[in-house]
Structures are given as structure tokens and as C-alpha cells.
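Notes for the structure review
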Amino acid sequence: MSKTATIELDGKKYDFPVVVGTENEVAIEIKSLRGDTGGLITLDPGYKNTGSCKSAITFLNGEEGILRYRGYSIEELAEKASFLEVAYLLIFGELPTQDQLDKLYKDIKKESHVDEEMKKILDGFPKSAHPMGVLSSLTSALIAFNPSAVNVDSDEEMYNAIIKLLAKFPVLVAWTLRKKNGQPLDYGDSSLGYVDNILKMMFKKPHENYEVDPVVSSALNKLLILHADHEQNCSTSTVRIVGSSHAGLFASISAGISALWGPLHGGANQAVIEMLEGIKQDGGDTKKYMGKAKDKEDPFRLMGFGHRVYKNFDPRAKIIKKSADDVLNQLGVEDPVLDIAKGLEKEALEDSYFVDRKLYPNVDFYSGIIYRALGIPTEMFTVMFALGRLPGWIAQWREMRLEKEPIGRPRQVYTGENLRDFKDISKR
Ligand code: SDX
């Protein structure tokens, strides 16, 4: 592989270093481009061809459908690890020893309270408020009650901020659901494991005991792991760029939640179920909706299909699809939209429009079916995505800060008006 790449413009040649990653990804490092050429920049809407950073956290290969966290395959982690182990792995770089894992959870439990005043903020929202908007606001509001978590520069200060977020975020998720359900807010039971306590906080009914169903616990553990990180996706890039201004961890995560909310990103899991329900209401005519998805005049898209990077099966979708069958069988749940989803997938994989564009089911296509079987309401699906993605966002924010990356500030190509004189209103 050459060590430099050359750009030639107006008879002049400019050499730039070539960077090769540990999985042999190759990049042209252009950080001196503008200075070397007297103003030349690159243009790449949506950053489809642009690397924003070097990162050692997650590797994915879209052509081969590979996803690894710190070198461990998603298939192994989903099968063998706990979500808290994966959180530790993503954030600190290695799978924890038992002592390290025990200390992490002990530190988390010490910080699992949320200031009672936060309930007044939650009360200010109407029941109709979308949970993602509530969660983003509450996460940002945490700053007011944890000012020491804002200007964090030392390892210890970062660790303390990270622990506070890993501890309080699940409480905010549970409170967001309970507010929607008109239920009293609950802290669950810290004698349970991290994921089991999340389930108890979310679903314990007043005046009833709550026993965690091992099938539900295992399914949620797997789903959270599968969503935990995904290199420089839209919301993670948001976390990194907000964090690059040193706005603090909580503000960066709050911004990431807002980015994830969009239906083209994490909001797709809710949009998939709404789409499948719509097809079911419309008589289950999947062929009609396949036609709509291919019609350029029709804004309808097959939600849960396609991906910016995966031009092969999303490995997470494969695992979730199998898990959907297992969970629904184990829980004795019949869900007609699962059959509609499978029918759509089969038709799409045989249709040249989808095959030619390498559009396959992504992580969001089947996840909502499992969330629904676990009793999670549709509007909370993207909140569950955020809960899973939290350790990944934290890991990426920490890496960006430890690498002392500069503030993110892209350039542009100006295409507006050239200089013109002000015109008095009487003359316009
Ligand atoms: C996530 O980046 C990540 O890693 C994200 C994520 C993560 O873990 O963080 O994996 C999570 O966000 C998964 C994606 C969830 N979104 C959806 O399921 C929404 C439906 N999918 C699309 O909107 C779309 O596929 C995107 C947004 C996911 C990707 O968009 P791109 O890469 O910008 O691709 P594109 O829009 O340029 O599409 C290329 C072609 C176009 O057709 P042509 O102009 O070439 O004729 O494919 C078509 C598109 O019209 N196309 C679709 C389609 N997705 C793309 N046509 C119908 N249905 C679709 N779903």
C-alpha cells in the first residue's frame, strides 16, 4: 500500500499521508489539505466517504456483515456476556474480571438515586409527550443536579460522571415509562442484577410483587448488547461533536438521544411496527407496500430496511430475528406482524430493486417485535435503543476526550449571493 496519496490540481501535485487501520481500512489523511493548497477543501454530504476520527472501540465491515466490540464478535458477546460486562468492555477496553465487574456495579448502585426535584420536571410533561423528548430533557436536567459531572478532565472525574450516568439513566428510562402509564415512580431493587433491576423499575405494579421472567431478562440483555455501539453512526457522531466543545458528558448524551430519535435512525424500530401494523390493517397486502417502497413518487420507505454501511445482512438483524422466534415461543405470544415481517423480508430479498441496492433488514426490522412481546409500548422502543446505546456513546465520548480531539467544526462550499448593497425598504 502506498504511504502517500497525490491530488493534482491546476498542474500542481499535493501529497497526503495514507493511514491504514488494524483491519486494513485505508484513509487519506487530509488535515493539512486547506493549508497546503491555499484553500482547497473536500465536499461529502452525509459524510458517506469521510472518516471523522480514528477509533479503537467498534469495528464493522458492511460488505461482509461483521460487527465486533473491542475485537470480540457480536455473536459471541450476545450469546455469552452480560450487558454490564459489555458496557465495561466498550468503555474501558477489556472484558472485566469478576472483581472489576463487582466494583463497577457497586459504584453504580451507590449513585442510583435521582434527585426528587427531577420528578417536578417529569411532572411538567403531558402524558402525550414522546418518551424520547422526555428522556433527552431529563438527561440534560441531570446536569443541574450533578454539576461536578460537567467540567471533567481527569480520569477520576470522567469515571465519576460515567458512573452517575450508567446509574441514573435506567431510572430515568423507567420513570419515563411509568409516567406514561400513570404509575408511581419506582427504584426497583438493587439486590437484582443491572438488567433485572431495569425490568423491575419499568414493570413492577404498585401493591404487587414483581418476579423477573428469565426469558424476558435474557432477551433484554441480548437486545441491549446488540444495540450497545455501532462506530460513527448519526447519534454517536453527535455525541462526539457536542462533546468536542467540552459541553460535558450529560449534555453530549442528551444531544445523542435527540439524534437517535429520528425515524431514519433509531426511531426506525417504532416506525417498523407502525408500518407492519398499517400493512396488517390494510389486509396484509405486502406486495402493495413493496410497490410503494420502490415508487420514487411515493414517500413510503420499507422501514427497517437498508443501511449506510451494511451492504450485506446486518449481523444484529440475524440474531434478533432468531431471538424473536425463540422469545415469542417461550412466552407463548402470537404476533401476526412477525409473519408479515418475514413475508416482506422474503419478497424484498427476491426483488431486484432491493437486491441491486443491497437493501437488507437492519437492526430495527425485528427488534420491535421482541420489545412488544416483552410488554414494552411502541413509543418506548427507541428509548430502549438509547438504553442499549448508552455505553457505546459513553465509550466514544471518553475516547474523544482522552485523545484530546479538537472541537468539531466542518467547512462548507458557499453557494449563496455575492456581495450586494443594502436596499431601503421603500425600494424593494
Ligand atoms: C440505524 O449508521 C448506523 O450504524 C445506524 C444504526 C446504528 O446502530 O446506529 O445501524 C441504526 O439507524 C439503522 C437504520 C434504521 N433506518 C431505517 O430502517 C429507515 C429506512 N432506511 C433508509 O431510510 C436508509 O436505508 C438509511 C437511512 C438507513 C440509509 O440511507 P443512505 O445510506 O443514505 O442510503 P440512500 O437513502 O441514499 O438510499 C440508497 C438507495 C436510494 O434509491 P436510489 O436513489 O439509488 O434509487 O436505496 C433506496 C433509496 O431510495 N433506499 C430505500 C430504502 N433505503 C434506501 N428504498 C426503500 N426503502 C428503504 N428502506
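Residues numbered from 1 in each chain as written. Predicted model: local features only at pLDDT ≥ 70, side-chain atom pairs only at ≥ 80, totals over all residues. Heavy atoms only, no water.

**Remarks on the UniProt feature "active site" (unreviewed entry) in the protein**
Defined as follows: UniProt positions are given in the numbering used here, feature names are shortened, and annotations may be inferred rather than shown by experiment. Numbering goes from the N terminus for both helices and strands, where a helix is a DSSP run of H or I of at least four residues and a strand is a run of E of at least two. Relative accessibility thresholds used throughout: buried, under 20% of the residue-type maximum; exposed, over 50%; partly exposed, between the two (1.4 Å probe, protein chains only). Between two residues, a contact is recorded if the distance between any of their heavy atoms is within 4.5 Å. For this analysis, a polar contact is any N or O atom pair within 3.5 Å, provided that within protein one partner can donate a hydrogen and the other can accept it, and provided that sequence-adjacent residues contribute only side-chain to side-chain pairs.
In this numbering, the UniProt entry assigns the feature "active site" (unreviewed entry) to H307 and D364. Spanning 58 residues, the named residues nonetheless gather at one spot, since no C-alpha pair among them exceeds 10.4 Å. Residue placement: H307 occurs in the loop between α13 (286-294) and α14 (315-331). According to the relative accessible area criterion, H307 is partly exposed, its value standing at 22%. Contact partners of H307, with chain neighbours within four places excluded, come to H230, D314, R316 and N362. Polar contacts involving the side chain of H307 include one to the main-chain amide nitrogen of V309, which spans 2.9 Å. Structurally, D364 is set in helix α17 (residues 363-373).

**Structural notes on unusual backbone geometry**
The phi dihedral of Y47 is positive, around 55°, even though this residue is not glycine. When you line up the elements, Y47 lands in the loop between α1 (33-37) and β4 (58-61). Located in the positive-phi region is R70, a residue other than glycine, with phi close to 50°. Take R70: it is sitting in the loop between β5 (66-69) and β6 (72-73).

**Some points on helix α18 (residues 381-402)**
Heads up, the condition is: Given a helix with a known number of residues, its expected span is that number minus one, times 1.5 Å. Two axes enter the definition of the bend at a residue: one is fitted to the seven residues ending there, the other to the seven starting there, and the bend is the angle between them.
Over its 22 residues, α18 extends 32 Å from the first C-alpha to the last, a length consistent with the 32 Å expected when each residue adds 1.5 Å. Its maximal kink placed at R389, α18 deviates by approximately 45°, while the proline P391 follows within four residues. Among the residues trailing α18, K404 stands out with phi positive, at a value near 50°.

**A short note on the side chain of E399**
In this structure, E399 sits in helix α18. Discounting chain neighbours no more than four positions away, the residues touching E399 are K54, S55, A56, I57 and R240.

**A word on the site of the ligand**
To keep it simple, the criterion reads: Being near a molecule or strand, for a residue, comes down to having at least one heavy atom within 4 Å of it. Only the protein chains shown count as covering a residue, and every accessible area follows the Shrake-Rupley method with a 1.4 Å probe.
Taken together, 25 residues are adjacent to the ligand, and H230, R301, H307, R316 and R389 come closest. H265 is positioned with one of its side-chain polar atoms (N or O) 2.9 Å from an oxygen atom of the ligand. K296 places a polar side-chain atom, nitrogen or oxygen, 3.0 Å from an oxygen atom of the ligand. For the ligand, whose unbound accessible area comes to 1,100 Å², protein coverage reaches 79%.

**Describing the nonpolar core**
Short version of the rule: Working definition of a nonpolar core: buried Ala, Val, Leu, Ile, Met, Phe, Trp, Tyr and Cys residues. They are joined through side-chain atoms within 4.5 Å.
With 118 residues, the main nonpolar core has Y69, F169, I253, L276 and L302 as its most contacted residues. The dominant element in this core, judged by the number of residues it contributes, is helix α7 (residues 155-180), at 14 residues. Discounting chain neighbours no more than four positions away, the residues touching F169 are L135, T139, I253, I257, A386, L387 and L390.

**Describing helix α12 (residues 268-281)**
The end-to-end C-alpha distance of α12, which contains 14 residues, comes to 19 Å, matching closely the 20 Å that a straight helix rising 1.5 Å per residue would cover. Taken across its 14 residues, α12 has ten buried, putting it largely inside the fold. Every buried residue of α12 is accounted for by A268, N269, Q270, A271, V272, I273, M275, L276, E277 and I279. Looking at the buried side of α12, the elements it contacts are α13, α15 (336-349), α17 and α18. Count one or two residues on from α12 and you reach G283, which has phi positive near 90°.

**Side note on the packing of helix α10 (residues 234-243) against helix α11 (residues 249-261)**
Going by this rule: Every axis in this analysis is a line fitted to C-alpha atoms, fitted for helices over the stretch in contact. Angles between the N-to-C directions lie between 0 and 180 degrees. Roughly parallel means an angle under 35 degrees; roughly antiparallel, over 145; roughly perpendicular, 65 to 115; everything else is oblique. Left-handed describes a crossing in which the near helix is turned anticlockwise from the far one by less than a right angle; the clockwise case is right-handed.
Across the interface, α10 lies against α11 with an axial gap of 8 Å and an inter-helix angle of 150°. Taken together, α10 and α11 sit at an angle that is classed as roughly antiparallel. Note on packing geometry: the crossing formed by α10 with α11 is right-handed. Note on element contacts: α11 touches α10 through A251, S252, I253, A255, G256, A259 and L260, opposite C234, S235, T238, V239, V242 and G243.

**Describing the pattern of salt bridges**
What counts here: Between Lys or Arg on one side and Asp or Glu on the other, a salt bridge is scored when a side-chain nitrogen of the former is within 4 Å of a carboxyl oxygen of the latter.
All chains considered together, the criterion is met by 28 salt bridges. Note that R372 is salt-bridged to E277, the shortest N-O span being 2.6 Å. Placement of the pair is R372 in helix α17 and E277 in helix α12, with a sequence separation of 95 residues. For R372, a relative accessible area of 25% translates into the label partly exposed.

**Re empty space enclosed by the protein**
The line we're drawing: The definitions used throughout rest on a 1 Å grid laid over the protein atoms alone, on which a cavity is an enclosed set of points accommodating a 1.4 Å probe that cannot get out and a pocket is an open set flanked by protein within 12 Å on both sides along at least five of seven lines; lining residues are those having an atom within 4 Å of a point. Grid points are joined across faces, edges and corners, and a volume is the space filled by probe spheres set on the points. Each residue is assigned to one class: nonpolar for Ala, Val, Leu, Ile, Met, Phe, Trp, Tyr, Cys and Pro, charged for Asp, Glu, Lys and Arg, and polar for all the others, Gly among them.
What the rule picks out here adds up to two cavities of 30 Å³ or more. A volume near 50 Å³ is recorded for the largest cavity. Residue lining of the largest cavity: F125, P126, K127, A129, P131, V134, T176, K179 and K180, and that is the complete set. Listed by contribution, the elements that provide at least two residues to the lining of the largest cavity are α6 (131-145) and α7. A per-element tally of the lining of the largest cavity places α7 first, with three residues. In terms of residue class, the lining of the largest cavity is built from five nonpolar, one polar and three charged. The volume enclosed by the second largest cavity comes to roughly 30 Å³. Lining the second largest cavity, in full, are I143, N146, A149, V150, A247, G248, L249, F250 and A251. Class assignment of the residues belonging to the lining of the second largest cavity gives a composition of seven nonpolar, two polar and no charged.

**Describing the packing of aromatic side chains**
Selection criterion: Between the rings of Phe, Tyr and Trp (Trp by its six-membered ring), a pair exists once the centres lie within 6.5 Å; its type follows the angle of the planes, with under 30 degrees stacked, over 60 edge-to-face, and the other angles tilted.
Applying the stated criterion across every chain, the model contains twelve aromatic pairs. Ring centres 6.0 Å apart and planes at 40° place the aromatic pair F92 and Y159 in the tilted group. Pair noted here: F92 is in helix α3 (residues 83-92) and Y159 is in helix α7, with a separation of 67 residues, a long-range link. Residues Y105 and Y194 carry aromatic rings whose centres are separated by 6.1 Å and whose planes lie at 85° to one another, so their mutual orientation is edge-to-face.

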